[in-house]
Structure formats: structure tokens, C-alpha cells
Amino acid sequence: MTRATDVRRTPLVAALPAVWTFLFSVVLLGPALGWGYVLTYDMVWVPQLDLRADTLGLGSALPRAVPSDAVVAVLDEVVPAVLLQKVVLLGSLLAAGTGAAALVAERSTAARLVAATVAVWNPFVVERLLIGHWPLLVGYAVLPWLVVSLRRGRREDRLPLVLPLLLVLGSLSASAGLATAVATLACGADRDRPRRTLALLALVLAANAPWLVAGLVQSGGGTSDPVGATLFATGDEGLLPAPWAALSLGGIWNAELVPVSRTGWAGVATTVLVVVAAAVALVRVGRGRARVDGLGGLVVCWGVGFGLALVSWAAPDTLGRLAATVPGGGLVRDGSRLLGLTVPLVVVLVAVSVDALLARLPDLAGRVMVGGVLALVPVSLMPDALWGVGGRLAAVAYPASYDEARTAVASAPAGDAVSLPFVSYRAPEWNNGGRRVLDPLGRYLDRPVVVNDELVVSGTRIAGEDPRAARVSEALAAGSPGERAAELHAVGVSVVVVEEIEGYPVPAVSGTTTLDGDLTVVELGPAEPRSASAVRRGAVGAAWAGWLALAAAPFVAAVRRRRSGSSATSGMDRQK
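Overview of the structure. The shown structure was predicted, so the numbers you read here are calculated from the model rather than taken from an experiment.

The subject of this paragraph is the pairing of strand E8 (residues 512-515). Sheet topology places E8 next to strand E9 (residues 519-523); three bridges connect them, and they run antiparallel. Each residue of the ladder has a partner; that of Thr513, found in E9, is Val522. Between the antiparallel neighbours E8 and E9 lie three residues.

See the structure below:
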């Protein structure tokens, strides 16, 4: 292993972090890379996601899957969705690990390997995989590269060419976009250069414009039930109280998703090691024995991520009032969701501590052996993350009845669809033995589907934000099948799709049955489509135009630079 002062590396040594990250990313995902789709909680991928009004943010529900659904809808026309999901999952882990190594590029190879391991094999990544927050993990993977590019931009006194692309990739959901915005401004803003700061702010707004504008013009007002802040607060993990769990990148609110190893002494050991390593590194930095480029920005990111987790644990009512009164305030009620912001500082400080330890060893063989052991410590302290968290991330195939239902619905009269049972999450037996997942029919069918956004957590009801879903709930509560059909038709529903799942009662609805089986399709007759107003369409369209311009900017700039270089070369040739 090389010392921190020696950054001249052979190509093989330079590639070690990428190879290392790839290997243990495959080991972590395991059966998720098999044929089929990983369907767990909010992670719903389907064979063909159509580009519809609701995927663009023009539906009646809050734009939680904007712009991610629209991006997938476009990409799965080029790459089959069954492969695209695996590229996204594996690519996110690979980018996170290699990004962490790039963040500490000046340090020893051992420190870079440890940084890569910490960035991938941690509770935040595992818990967010299990809850299905893949856009958040894409944003998480972007963070270290964002910091690296902004550092380079400061040295070169210009904004990096790759920055717009990183911002777009880092803002595929509202939460991811919020984290990306914090990191961009914390690490890139400069009070001595206000124009640079304003330019960064404009780029951040353009990257987040689709969900931001769609949320602001959403018909439901954009506020959320305050009780959600208490239920989604940063949680304890076994022996670890919530603040200590958050220090070691855990603390998700859903106890079902916490790896068992986190609830015992291994979780305590992880937290102690992180705190001790950070303390040692900060002492060395304070005494001038180590240097961290851009430390101030990393500290701000850590403070925002950990601070929010701490506030959600200590004062959830405050966040609840914010969610109930400020449109979009519900973004911060999941207290541990932005803990990814703490990881860049954590991996940098851990790398400093690793080099401090290795510097005490007299010979290369000892440094190689100890460095290899340190790189495996995160894996040894959370071994149940192996192989798709013990198979919990196994890929599955959709039943043939889903394709049959899509075909039947495609020929149904104009109008929207409703999926029954009318619950937000369901646990069909075909999904990895009853794994809970968001209703897949909302994305599987070829038309907008009204789905229930009301949640029940630990027996407590969290009201939804979609006014149309509330009207559908009222229609389904009518006294007879005929009345239910009439009231559904009145709110623009022309077809109902029913999935028979044990333990989920379904009210009968009158109509013409065009498919009968595991999935039943019932037509109600043509209904008047519900479309967004012209003002809303214009606002959302403008937001998407800005987003597309930002996404295209690096490619346009690269082409112009190449043409400019070619023109300059031709001119020199003519002068000769």
C-alpha cells in the first residue's frame, strides 16, 4: 500500500478501488442482479413505463416520482427495463464507492479502499435499498463526484463542464434534489464571487424544476399530514438510540428494514469506530498534521444531514407543523433520509485516520495486511447485508396476468383507471414470498391510475395528499356495486383493475368484465378525462424545458469545444 504522500500509482493500483467496489457491490446486491425486477416498498419497476401526464408531474398526486419516472419511461425505450434497473442499482453503488475513493485521491491506496467500502457497505445504503429509494441512492452516488468536480472548479476558477449532468442525475427525486442542492451550495458557493454563487443557484433550480414547479402548482396544496413527522422520525436501532444510530448512518423509521446486526453490539462497535476515527482525524487536521480540501463545505453537509435527523428525533412536532403549513414541508419529515449528506465528511475523516494508523507501521507488508483488514471491517460488522440482505432484494417476475390486464385496459374506453384493493402498499405472494411493495399497477398500465396515497404505519393513519384519491375512496364506500360504479365514473374513472390478494378485501363494482382471473378488469364506460389547466401545463412545460436544457448543456459544450479545437487546428495548418 502506498503512503499518503505518494500519489504516483501504476494503472493497476489506480484501478483497485473500482475493482474492489464492483466486487463487493455485486456481493451486496446478489440476487437483485438476477433476471426479473426488484420490488420492495417504493421501488417499483415495470417492463414498460409509459410517458404520461402523471409521470411528468401533471397528475393530481404530489410529484414524488418526478422526474425519475419520466427518465425511466424514456430510457426503457432504449434499454429493457429489466436490465436498466440492474444498471441503475449496480451503477449507483459503483459510483458511490469510486466517488469516495476519488474524494480522498491524495491518500494511500488502503485509505481509498476503506473509503470505498464505507461509502457502499453502510446502514444508509442497505436500508434505503430495502425501502426502495433508488433515486435517492443515485443522488447519494453523485455527491462525492459533485464535491470532487466543485473542488476542481475552484482551482480552475470556472464551473466544471460535468456539473450540469451531475446535478440532473442527483435530482431525480425531491429528496435527492434537496441533498444535491445543499452539497452544491455548501461546497461550491463563494461569498467573494457572487456571480459564481448565483450561477450555481440557477443550475440547482433548473435541475430541480420539474418536481419543484409541479409541486407548487399541484391542486392539493402540497401540504402533508403532521402525524407523519412523528412516525417517520429517526428511530432507534436495537442498543443504539436514534442519535447514535444516525452517527453511523442508520436510524430509518421502519424497524422491519433494519439489519439484525445493527441492533446488537456490532451496531455499537460501528458507531464507536466512526466516532473515534472522526475524532482522531479532526485532531490531526487541527494540529496541521493532515489537510482536508474544502473541509468547511463538508462540515456544512454533515451538519444539515445529521441535524435534520436529530431534529426529527427530538422535535418531530416542529417538522409536523412545517409539513402541515408549508407546501413541500413533508420532504423533511423522514428524518434519516438526508443522512447521505454526512457520508462525504465521514469517508474523508476515516481515510485520514487510516493513513495515521498505517504511518505507524514500519514495513510495507504490515501496511498491506492491516489496510486489507481495515477495508473489510464494515463488511464484518454488518454481514447480514450480504447477498441482497439475505435474499430480501431478490428479483422476481411479474405474473402473466399483469400483461393480460395491461392489454385489456389498453382497449378500455377513455378515462382513467383505479387499482383495487385500494391500498397504497400490498404484499402479493408472488413478490418474493409476500414482500411489501407500492401498488405496481400504478405504473404497469398504459394510462393514469388513481392509487391510494393514504398510509397506515404502526396502526396510525396518515392522510394522503391527493384530493382525487380521496374522492375515489368515498366512491368505493358507497352502499352498492352500482352506486360505486356511478360515483367512480363521475370522477373520470372508466376501468377498474382488481388483484386478488389474500387478506385484502375488495368492494364489488358493477360493470362489464373484460378479463377474469388473478387480475380482473371491469369497464365502467367512457369517462371524461381529467386534464391539467393550461396555466399548469405551461408552468410544468417550462420547468421541463429548463431541465432538458441543463441536461443537454455538457454535451453541447463538448461538441462546441471539439469544433473550436478543430477549427483552430485547421487554421494553424493553413498558416503553415
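Once you've had a look at it, read on.
On the surface, Leu198, Leu201, Leu205, Leu212 and Leu216 cluster together into a nonpolar patch covering about 470 Å² of accessible area. In this fold, Leu212 is placed in helix H9 (residues 194-216).

What follows concerns the sheet that holds strand E4 (residues 449-450). Read across the sheet, five strands follow the order E4-E1-E7-E9-E8 without closing on themselves; strand pairing throughout is mixed. Of all the strands in the sheet, the pair left with one neighbour each is E4 and E8. For strand E1 (residues 416-420) and strand E7 (residues 493-499), the ladder comprises five bridges, and the chain directions are parallel. Its bridge partner lying in E7, Ala417 is registered against Val495. Sitting on the sheet, helix H18 (residues 400-410) touches E7, E8 and E9, and the angle it makes with E9 is about 10 degrees.

Every buried residue of H18 is listed here: Ser401, Tyr402, Ala405, Arg406, Ala408 and Val409. Looking straight down H18, one finds that the buried residues subtend no more than 165 degrees of arc, so they occupy a single side. Opposite its buried face, H18 presents the exposed residues Ala400 and Thr407, each directed more than 90 degrees away. Residues of H18 that are buried sit in contact with helix H19 (441-444), E7, E8 and E9.

A separate point is the pairing of E1. When you tally the buried positions in E1, you get five out of five residues, the bulk of the element. In E1, alternate side chains face the same way, and those of Asp416, Val418 and Leu420 on one face and Ala417 and Ser419 on the other are all buried.

Time to look at the environment of Trp430. Tracing the backbone through its elements, the reader meets Trp430 in the loop between strand E2 (425-426) and strand E3 (437-438). Here Trp430 is in contact with Leu39, Val396, Ala397, Tyr398, Pro399, Tyr402 and Glu499, once residues within four sequence places are set aside.

What follows is about the packing of aromatic side chains. One pass over the structure, following the stated rule, counts 14 aromatic pairs. Members of the aromatic cluster, each reached through a chain of ring pairs, are Tyr37, Tyr398, Tyr402, Trp430 and Tyr444.

Calculation criteria
- Chains are numbered independently. Their residues run from 1 in the order of the written sequence.
- Reporting of local features is limited, given that this is a predicted model, to residues whose pLDDT is at least 70; pairs of side-chain atoms are given and counted only at 80 or more, and all residues count toward the totals for whole chains, interfaces and linings.
- Here the side-chain values reflect all heavy atoms present in the structure, with hydrogen atoms and water set aside.
- In short, DSSP must find at least two bridges between two strands for them to pair.
- What counts as a helix is a DSSP run of H or I of at least four residues, what counts as a strand is a run of E of at least two, and both are numbered from the N terminus.
- For patch building, the residue pool is restricted to those with more than 30% relative accessible area and no salt bridge; the joining distance is 9 Å between like charges and 5 Å between nonpolar side chains (Val, Leu, Ile, Met, Phe, Trp, Tyr).
- Reported accessibility uses the Shrake-Rupley method at a 1.4 Å probe radius. Residues are deemed covered only where the shown protein chains occlude them.
- The term salt bridge refers to a side-chain nitrogen of Lys or Arg lying within 4 Å of a carboxyl oxygen of Asp or Glu.
- Contacts are residue-level and defined by heavy atoms, with any inter-residue pair within 4.5 Å sufficient.
- Each axis is a line fitted through C-alpha atoms, and for a helix only the stretch in contact is used; angles between axes span 0 to 180 degrees, taken between their N-to-C directions.
- A 1.4 Å probe rolled over the protein chains alone gives each residue an accessible area, and that area as a share of the maximum for its type sets the label: buried under 20%, exposed over 50%, partly exposed in between.
- When we speak of the arc, we mean the arc of directions from the helix axis to the C-beta atoms.
- For this analysis, a ring pair means two rings from Phe, Tyr or Trp (six-membered ring only for Trp) whose centres lie within 6.5 Å, classed as stacked if their planes differ by under 30 degrees, edge-to-face if by over 60, and tilted for the remaining angles.

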